[in-house]
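# Notes for the structure review
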Amino acid sequence: MFTKTAEYYDALYHFKDYEEAGNALHALIQHQAPQAASLLDVACGTGKHLAYLHNRYACAGLDLNPELLAVAQKRCLTVPFHHADMTDFQLPETFDVVACLFSSIGYVQTVENLRKAVACFTRHLNPGGLLVIEPWITPENYWIDKITANFVDQPNLKIAWMYTSQLHGLTSVFDINYLVGTAEGVTSFTESHIMGLWTDAEYREAIEAAGVAVNYDPKGLFGRGMYYGTKA
Ligand SMILES: C[S@@+](CC[C@H](N)C(=O)[O-])C[C@H]1O[C@@H](n2cnc3c(N)ncnc32)[C@H](O)[C@@H]1O
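This is a predicted model, so every value here is computed, not measured.

### Here's the deal with the environment of Asn156
Position of Asn156 relative to the elements: it lies in the loop between β6 (147-154) and β7 (157-164). Spatially, the C-alpha atoms of Asn156 and Glu184 are 9.9 Å apart, while their sequence positions differ by 28 residues. Filtering out sequence-adjacent residues up to four positions away, Asn156 remains in contact with Thr182 and Ala183.

Quick look at the structure:
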């Protein structure tokens, strides 16, 4: 995923207000873990949340995609970034907050990987530290065969991207068609995004099994809900 679109990532998600999300996450941290001084953003993408957090906490980022990490490093020059898989990573330090935002957790696809990832996040949390996960859609809320279209309209970059929401077993599959126009010309390609559809109970079980209390905010930072809780 994002193998063909890393350079366009920020343009594709121009409709997301990362400053508002960063401020809301900061407010949650101040409420739940006011002593927090360090934060790990797992599946940080191009580092847009970190851009609004790294002046408040000692931050680090982690992602599987090296091209997205390169953008993140340019954006947040002083933040250390790690190239790793969220289901199985081992960093030398632990953190007061571990966050996995904008439904990135869905990309691990299976419920076994959900449990592995959450256990791994929690191993990197200090006692009393705060875990924050913005989930992907639940199976009962997933709209099959829905057509979605998004557009980027910048002076030197035009993108139309479209997909229908398909269901393959217990995963959502978006075979996204992109039409990209720049001064060099117009190209088109597809990219497949496959994500696990898990129930609220499956998220709660994974988080509780990792030793973290479960709280749920139905709105979250981006309207997709948010699980959060502190490690015992
Ligand atoms: C929807 S993007 C969200 C990025 C960022 N959190 C944001 O809000 O803009 C999903 C991210 O998950 C990352 N990702 C997917 N699978 C991963 C894995 N197994 N380990 C680490 N990162 C992964 C992708 O590379 C991508 O950066």
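### What to know about the sheet that holds strand β5 (residues 125-133)
Taking strand neighbours across the sheet as the criterion, the seven strands line up as β3-β2-β1-β4-β5-β12-β11 in an open arrangement whose pairing is mixed. On the outer flanks of this sheet lie β3 (81-83) and β11 (215-217), each paired with one strand and no other. Within this sheet the neighbouring strands show an average axis-to-axis angle of 20°, counted without direction. In this sheet, β3 lies alongside strand β2 (residues 58-63) in parallel orientation, the contact comprising three bridges. In the strand pairing of β3, Gly61 is matched with Phe81. Running at roughly 145° to β5, helix α2 (residues 18-32) makes contact with β4 (95-100), β5 and β12 (226-230) of the sheet.

### Some words on the environment of Leu221
By the secondary structure assignment, Leu221 is in the loop between β11 and β12. You can call Leu221 buried: it has 24 C-beta atoms within 10 Å. In the structure, Leu221 is positioned 199 residues away from Gly22 in sequence and 8.4 Å away in space, judged by C-alpha atoms. If sequence neighbours within four positions are ignored, Leu221 has contacts with Ala21, Ala24, Leu25, Leu101, Glu134 and Met226.

### So, the site of the ligand
Inspection of the region around the ligand gives 19 residues, with Ala43, Gly45, Met86, Phe102 and Tyr107 positioned closest. Counted by class, the shell around the ligand contains eleven nonpolar, five polar and three charged residues.

### Examining the pairing of β2
Successive side chains on a regular strand alternate, one facing one side of the sheet and the next facing the other. The element β2 is largely enclosed, with a buried count of five among its six residues. Two elements, strand β1 (residues 38-42) and β2, share five bridges in a ladder whose sense is parallel. Considered in β2, the bridge of Ser38 is made with Ala58. A crossover connection joins β2 to the parallel β3 through helix α3 (residues 66-75); in handedness this β-α-β unit is right-handed.

Cut-offs and rules
- Residues numbered from 1 in each chain as written.
- Predicted model: local features only at pLDDT ≥ 70, side-chain atom pairs only at ≥ 80, totals over all residues.
- Helix = DSSP H or I, 4+ residues; strand = E, 2+ residues; numbered from the N terminus.
- Contact = placed C-beta atoms within 7 Å.
- Pairing = 2+ DSSP bridges.
- Axes fitted to C-alpha atoms, helices over the stretch in contact; angles between N-to-C directions.
- Buried ≥ 20, exposed ≤ 12 C-beta atoms within 10 Å, placed from the backbone.
- Near = placed C-beta within 6 Å.
- Nonpolar A, V, L, I, M, F, W, Y, C, P; charged D, E, K, R; others polar.
- Right-handed = clockwise from strand over helix to strand, strands pointing away.

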